[in-house]
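Overview (structure and organization)
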Amino acid sequence: MTTLLDLKSSVLRQVQRSQSLRSRREPPPTASSPLTHCPDPLPRSGTLTNSPSMAAISPYQYLMGLPSTPPPWVSEESMEFFERVNAILQKQENMLRAAQAERASFSLRVSVMKAKNLMAKDANGYSDPYCMLGILVGQSPREMEEKKERKFSFRKRKEKLEKRSSTKEVLPAKCIQVTEVKPETLNPVWDEHFVLDHDDDVSVAEACKKLNEVSGLRGMGRYFKQIAKSVRANGSASSGSEENADDFLGCINIPLSEIPVVGYDTWFKLEPRSSTSKVQGECHLILKLFTSQRDTALSKKDSNVTIHKKLLSQIVEYEHAHVKREPYNWNGQVCPPAWTVLTHHAVQTDLSPLQQAIVRWQCYSSHHRTQRVCYSLLLRLLRTIDAEWDPATVRGDLERQLSDSFRLYTEHCLCLMKNMRQIFPCTSAAAITRYELMLRGVGYMQNMRAFKTVCPLRNELHLDITTAVKKGSAEWYESLIARYKPEEGDVVHHPLTMQTLEEQLKKLVHVVDGVCADVQRARNIYNQLFYSAVKVDFFSISYRQLEKQVADDVNVAMERVCGTLEQESSRLTQTMGETIFELFMSLKILKGFREFLPLKDAKMLALTVFHNWFKSSIHKWLQIIHDRSCDRIRIAVETDKLEPVHQAKHSSSAVEVTACLSQNFCSEAVCYSEMITRKIERNQLGRDHKSFTVQLCVGLNNTEHVRVFLGHLPRDLDWQGVERAMEESCGVEGKEQVYKALNGQLFNMDLDLQREAKRLITLLTDKMLPELRRYIQHISLSPDSINNDDAVSPLMKYLQDTMVILTENLVKENLTRVLQSMWELLLRMILDAVAENRGVQVEFYNRFQYTVETLLQFFHVKGEGLTLEDMKSGEYKVLDEELRLNKCSSFELIEQYYLEKISQQKTLKHTRYGRISVKCYYDAPEQRLTVEILHAADIIALDANGLSDPFVIVELCPHHLFPMAKSQRTQVKLKTLHPVFDELFYFHVSPEQYRHRFACLTFTVMDYDWLSTNDFAGEAVAPLSDFCWPGRPNATPAGKSVQPFILHLSRSKPSEKPIMRMLDARIGDREAQEFVRRLKEIEKSMEEE
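Residues numbered from 1 in each chain as written. Predicted model: local features only at pLDDT ≥ 70, side-chain atom pairs only at ≥ 80, totals over all residues. Heavy atoms only, no water.

**Quick word on the overall build of the chain**
What the chain contains, in helices and strands, is 32 helices and 16 strands. Each of the 1089 residues in the chain was classed as buried or not, and the buried ones make up 49%. Considering only residue pairs separated by 6 or more positions, the chain has 77% of its internal contacts joining residues 24 or more positions apart. For the chain, the accessible surface area stands at approximately 54,100 Å², while carbon and sulfur atoms represent 50% of it. (Helix = DSSP H or I, 4+ residues; strand = E, 2+ residues; numbered from the N terminus. Buried < 20%, exposed > 50% of the residue type's maximum accessible area, 1.4 Å probe, protein only. Contact = heavy atoms within 4.5 Å. Areas by Shrake-Rupley, 256 points an atom, 1.4 Å probe, with all protein chains shown as cover.)

Pasting the structure below:
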């Protein structure tokens, strides 16, 4: 049998079918309609193998009692499955027999949704499509073979109809269903729903006849006559013979045997009725089989839901028992025959998708409590219930059963959470994954609409989880304590009692370390799972519970220790002191986790004042550790071979010393560094350069290792906690005293260790000094004919070899220090070489300039070595300036001298040598500079009477730029320190001259002596660019009216300037010697004063 859909274009475009004319039309399916539902955890491998009549016998009846001869549609695989399950069900006393039960009848629900891309049949380029649909009787194999090339249609060939003697021989169907006509469209949307029943006693023609008898709308009879004619003609009549016949747009033939039990929801391609037909487009249909009538006499004792639940429970038990691979992680999948049985039963009993989802959840969640299944399966089942949820359909027993399943599953998961450390260990990635899925499932269930409806009085999830986590942490701690439980007969206040205090403390150390490890796991692993799944801070809950229990046990133990020490002070042995310290450090680590708590939870923890528990034993403990540390350091240095250990670059003694310093650090660190330095100094005799360098590197690394370790002690030993404890017991003064004592010792030790490190670096550079001096001398004495690279290559080769040794044996911090020391040493050596060779050829300075640049790149190492900022400071600037000036000519040095004078003049303010007021303006057309010296003030007294006889010498400088200009002078003003001159002077200055930055006017104030040489009182300079440059007020016709400016006088010794020394060294240079001579005369007059 097949269901047939014919798509036609109506010639009656204005006619619409009335709702009353559609026989048995169904309302549109809801979101939970079984038409679109498919059981999620069960595989979609089972389908009906024949027409609805094949399913007349219920699969459940077969399970409860198989007939002697099974129907032909039951496969051998299904029979084998039925037999296996039946063997299980036979054990039940209340066995049902259903061999004589009446068969069930089925109907087909069809939803015609829409079509698209239909063929245009009208002149306007559109069609007026409608659908006819019904059930046709299946053909025999012979007839199917004859009609292989032709598709079914309501329209039959004319010659075939002529051979029919009665309407009974016409294709039978109970009725024909017809949709509305959608005018002028190629993409119609119907969204109409029908129920198709099969009855062999009614023909299509009779059905059409009944439709034609319907009246009430004008022209409706003629419309259905056209439909009947179209069906009877079966497409044989042409448009010419039947003028108003509807056009054929396509058909769809769907064998009922191919329809799955869960139905179809898909697009079907339209097919032609013959090979000559032309059709196109697709139609969206939803088909679903359902039971319209069945015998329920055998199932009156239980509801359909209960029967389905029992059936599924038996199948789940059976299927899970036969899972061979990872049964603990079963995904709930059953074999195809089992799925077929369940699907048939759900269809026959009209179970809604929501009812099926609830039954599956109940069965699998109940099964999970005894045998583990995959949590992703349970999460999918919950999502299915949430998607299908309709509170109006869940009432009575089903609502109660769903509530109980939610409650039982939640309680089971909370029990697993309580024992999660054993059930879901963090060492197993698979266990952590399962735990996360379980948490997500619980969290999802609590937010479901179904859960809120059926469990309205349930506690908040986070409260239940918090209680479970607290209880689980407490029970885990008690189990940890139980490992160290004392033997029976010991009289103790707590299970941690030991025969001796020392043994008790050692056990406590193990317990605290175990708690620290658990807290670390809680923070790194479990906390992320809880927060992402259920928004619960697992770390805070677990940490606060464990921290309180640890604090209670340790506090009791330390009270006993302190009480015993007060009575018998000599009982604190070395091993006892070390054990106390280990317990202190373990508690400190546990307390350190408080920084990961929320701020509100981090206050007033039980371990906040744990330092107070160690007050009575701290002094004896420190004394024991100090004596032990000194012995360990001495032995470590004596046995140290100064060879790197493992992958580190320090030696064995550094490791031993840091272990000692973690317990006592007062003076041991400095003592160690001095001892290791003396040992290296003793070992340098008779050793080659490389081996000695390696030992020095190891010694440096040892010192640095100790220094870095000490820098971490305030944090590792929680000095702030010690300060708080002292403040609580001794007030603010006690806190300040502890702060100064601890930090003062640490600061002094750091200085001492740095001093010892510099001492070792000096040993290293001193060892290199002879070789470096020889290579610098080689560069200095190399003739000009040798290339710069050849002159520098010996030095660079030596440095490269040394760099390889240093890089391999020094840590980064020490390597930086050694490279910086080598760089500064080389700069000083080059500077000395340049100072010893003044006045030589320019090539000499160029070569050393090249050497400095090469060394700069070498020590920078493309950013991996010293920074350019650190290297280009201090002595580098001095050397760079020295080399640059030595490469200049004499005239360039003189120009540089005046540039420095101009720069210095701009910074002078209120000197004790007085000041001079002048006015300068420039006549550009005449190229004439007018200088008006007005007055001076506060001239220094150079005569015995406390006064001076000042006059001013004004001149253009430098002289090689103004060879024709002569110096001019004012009149002498006797016996005054505030002379008034008011004199004018004229100079010829061309634009080519005043454009130089170093071109200036110099004003030299002298004290006139008629019996000896005049005395130098001070000088000032003014650059010509200030008043000669075009655009300056002084260079305009109105320049005479500009305001005068003040120049402060200075008296600096020329010999103090490097330029003076360089010019003086150029003995054969007349200009240089003349310039030096004049400056020396001024300096000589200053010395005579």
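**Some points on the sheet that holds strand S12 (residues 968-969)**
By definition, the strands of a sheet pair up through backbone hydrogen bonds, in either a parallel or an antiparallel sense. With antiparallel pairing, four strands are arranged side by side in an open sheet as S12-S11-S14-S15. Strand pairing shows two members of the sheet lacking a second neighbour, S12 and strand S15 (1015-1023), which therefore form its edges. Both strand S11 (residues 950-957) and strand S14 (residues 1000-1007) contribute to a ladder of eight bridges, which runs antiparallel. Of the residues in S14, the one forming a bridge with Glu955 is Thr1002. (Pairing = 2+ DSSP bridges.)

**Notes on the pairing of strand S9 (residues 915-923)**
Of all the nine residues making up S9, seven are buried; the element is thus mostly covered by neighbouring parts of the structure. With nine bridges joining them, S9 and strand S10 (residues 928-937) adopt antiparallel strand pairing. Bridging from a neighbouring strand, Ser917 pairs with His935 of S10. Connecting S9 to the next strand, S10, in antiparallel fashion are four residues, including Gln927 with a positive phi near 50 degrees. Pairing between S9 and strand S16 (residues 1045-1048): four bridges, direction antiparallel. Within S16, the position partnered with Ser917 by the bridge is Ile1046.

**A closer look at the packing of helix H15 (residues 461-482) against helix H16 (residues 501-534)**
Helix packing for two helices is described by the angle between their axes and how far apart those axes are. Between H15 and H16, the least distance of the axes is 12 Å, while the angle of their chain directions is 160 degrees. For the element pair H15 / H16, the angle class is roughly antiparallel. Here H15 and H16 pass one another in a crossing that is right-handed. Touching Leu461, Ile465, Val469, Trp476, Tyr477, Leu480 and Ile481 of H15 are Val511, Gly514, Val515, Asp518, Phe530 and Val534, all from H16. (Axes fitted to C-alpha atoms, helices over the stretch in contact; angles between N-to-C directions. Parallel < 35°, antiparallel > 145°, perpendicular 65-115°, else oblique. Left-handed = near helix turned anticlockwise from the far one by under 90°.)

**Focus: the packing of aromatic side chains**
Per the stated rule, a full pass over the model turns up 26 aromatic pairs. Plain terms: the ring middles of Trp361 and Tyr409 are 5.1 Å apart, the flat faces sit at 75 degrees to each other, and that makes the pair edge-to-face. Here Trp361 is found in helix H9 (residues 353-368), whereas its partner Tyr409 is found in helix H11 (residues 397-418), with 48 residues between them in sequence. The interplanar angle of 20 degrees and the centroid separation of 4.7 Å between the aromatic rings of Phe530 and Phe538 together place this pair among those described as stacked. You can call Phe530 buried: its relative accessible area is 0%. Judged by relative accessible area, Phe538 falls into the buried class, the value being 1%. Within the aromatic cluster, the residues linked to one another by ring pairs are Phe424, Tyr435, Tyr526, Phe530 and Phe538. Over the aromatic face of Trp267 sits the side chain of Lys116, whose NZ or CZ is 4.3 Å from the ring centroid. Across from the ring centre of Phe951, 4.0 Å away, lies the NZ or CZ of Arg969, which sits over that ring. (Phe/Tyr/Trp six-rings, centres within 6.5 Å; stacked < 30°, edge-to-face > 60°. Lys NZ or Arg CZ within 6 Å of the ring centre and 35° of its normal.)

**A look at the nonpolar core**
Counting 104 residues, the largest nonpolar core has Trp361, Phe406, Tyr435, Met438, Phe530, Leu583 and Leu587 as its most contacted members. Broken down by element, this core gets its largest block of residues, 15 residues, from H16. Three or more residues apiece are contributed to this core by two domains, here domain 2 (304-458) and domain 3 (480-485 + 496-608). The next biggest cluster of nonpolar side chains, apart from the first, holds 67 residues, and it includes Phe581, Leu772, Phe859 and Leu879. (Core = buried A, V, L, I, M, F, W, Y, C linked by side-chain atoms within 4.5 Å. Domains from an automatic or database assignment.)

**Observations regarding the sheet that holds S16**
Ordered in space as S13-S10-S9-S16, the four strands form an open sheet in which the pairing is antiparallel. Each edge of the open sheet is held by one strand with a lone partner, namely strand S13 (980-988) and S16. Taken pair by pair, the neighbouring strands of this sheet meet at an average axis angle of 30 degrees, ignoring direction. Bridge count for S10 against S13 is seven bridges, and the pairing is antiparallel.

**Considerations on the environment of Ile933**
Mapped onto the fold, Ile933 is located in strand S10. Note: C-alpha distance between Ile933 and Cys920 (13 residues apart in sequence) is 8.6 Å. Setting aside its immediate chain neighbours within four residues, Ile933 contacts Ile916, Ser917, Val918, Val952, Val954, Thr970, Phe981, Asp982, Glu983, Phe985 and Phe1003.

**Describing a nonpolar patch on the surface**
Taken together, Tyr1008, Trp1010 and Leu1011 make up a surface patch of nonpolar side chains, about 420 Å² in accessible area. Counting through the fold element by element, Trp1010 comes out in the loop between S14 and S15. Taking relative accessible area as the criterion, Trp1010 reaches 68% and is therefore assigned exposed. (Patch = residues over 30% accessible without salt bridge, like charges linked within 9 Å, V, L, I, M, F, W, Y side chains within 5 Å. Salt bridge = Lys/Arg side-chain N within 4 Å of Asp/Glu carboxyl O.)

**Here we look at the packing of helix H10 (residues 375-388) against helix H13 (residues 429-446)**
Contact geometry of H10 with H13 gives a least axis separation of 8 Å together with a crossing angle of 20 degrees. One finds that H10 runs roughly parallel with respect to H13. Along this stretch, H10 crosses H13, giving a crossing that reads as left-handed. Residues Tyr375, Ser376, Leu379, Leu382, Arg383 and Asp386 of H10 form the contact with H13, whose participating residues are Arg434, Leu437, Met438, Arg440, Gly441, Tyr444 and Met445. Grouping the constituent residues of the contact of H10 with H13 by class yields seven nonpolar, two polar and four charged. (Nonpolar A, V, L, I, M, F, W, Y, C, P; charged D, E, K, R; others polar.)

**A word on the confidence of the model for the chain**
On average, residues of the chain score 76 in pLDDT, and 73% of them are at 70 or above. Low pLDDT, under 50, characterises residues 488-499; the stretch is placed with 21 contacts to residues that sit more than four places away or in other chains. (pLDDT = per-residue confidence, 0-100.)

**So, the pattern of salt bridges**
Scanning all chains against the criterion turns up 27 salt bridges. One connected set of salt bridges, linked through shared partners, spans Asp397, Arg400, Asp404, Arg407 and Glu411.

**Details of the layout of surface pockets**
Of the pockets and cavities examined, the second largest pocket occupies roughly 590 Å³. Lining the second largest pocket are 26 residues, with Thr1004, Met1006, Arg1078, Glu1081 and Ile1082 sitting closest to its centre. In terms of residues, the lining of the second largest pocket owes the most to one element, helix H32 (residues 1070-1088), which gives nine residues. Of the residues in the lining of the second largest pocket, the class split is 11 nonpolar, seven polar and eight charged. (1 Å grid on protein atoms, 1.4 Å probe; cavity = no way out; pocket = protein on both sides within 12 Å on 5 of 7 lines; lining within 4 Å. Points joined across faces, edges and corners; volume = space filled by probe spheres on them.)

**Some points on H16**
Approximately 45 degrees is the largest bend angle found in H16, and it occurs at Tyr526. Two residues or fewer past H16, Lys535 is found with a positive phi of approximately 55 degrees. (Bend = angle between axes of the 7 residues up to and from the residue.)

**Observations concerning the pairing of S15**
Burial analysis of S15 places nine of its nine residues in the buried class, the great majority of the element. Of the strand pairs in this sheet, S14 and S15 are connected by eight bridges, and their pairing is antiparallel. Looking at the pairing, Met1006 lines up with Phe1016 of S15.

**A short note on the environment of Glu864**
Looking at where Glu864 falls in the secondary structure, it is placed in the loop between helix H26 (842-860) and helix H27 (868-871). Residue Glu864 is classed as exposed on the basis of its relative accessible area, which comes to 67%. Taking C-alpha positions, Glu864 is 9.8 Å from Thr816, a pair spaced 48 residues apart along the chain.

**Structural notes on the side chain of Ser782**
Positionally, Ser782 belongs in the loop between helix H23 (719-781) and helix H24 (788-809). Those residues within four positions of Ser782 in sequence are excluded, and the remaining contacts are Ala791 and Arg847.

**Some details on unusual backbone geometry**
The phi angle of most residues is negative, glycine excepted, and most peptide bonds adopt the trans form. For the peptide bond that leads from Cys957 to Pro958, omega is -5 degrees, which places it in the cis range. You will see that Asn117, though not glycine, has its phi angle at about 60 degrees, which is positive. One can find Asn117 in the loop between strand S2 (105-116) and strand S3 (129-136). When its relative accessible area of 47% is taken as the criterion, Asn117 is described as partly exposed.

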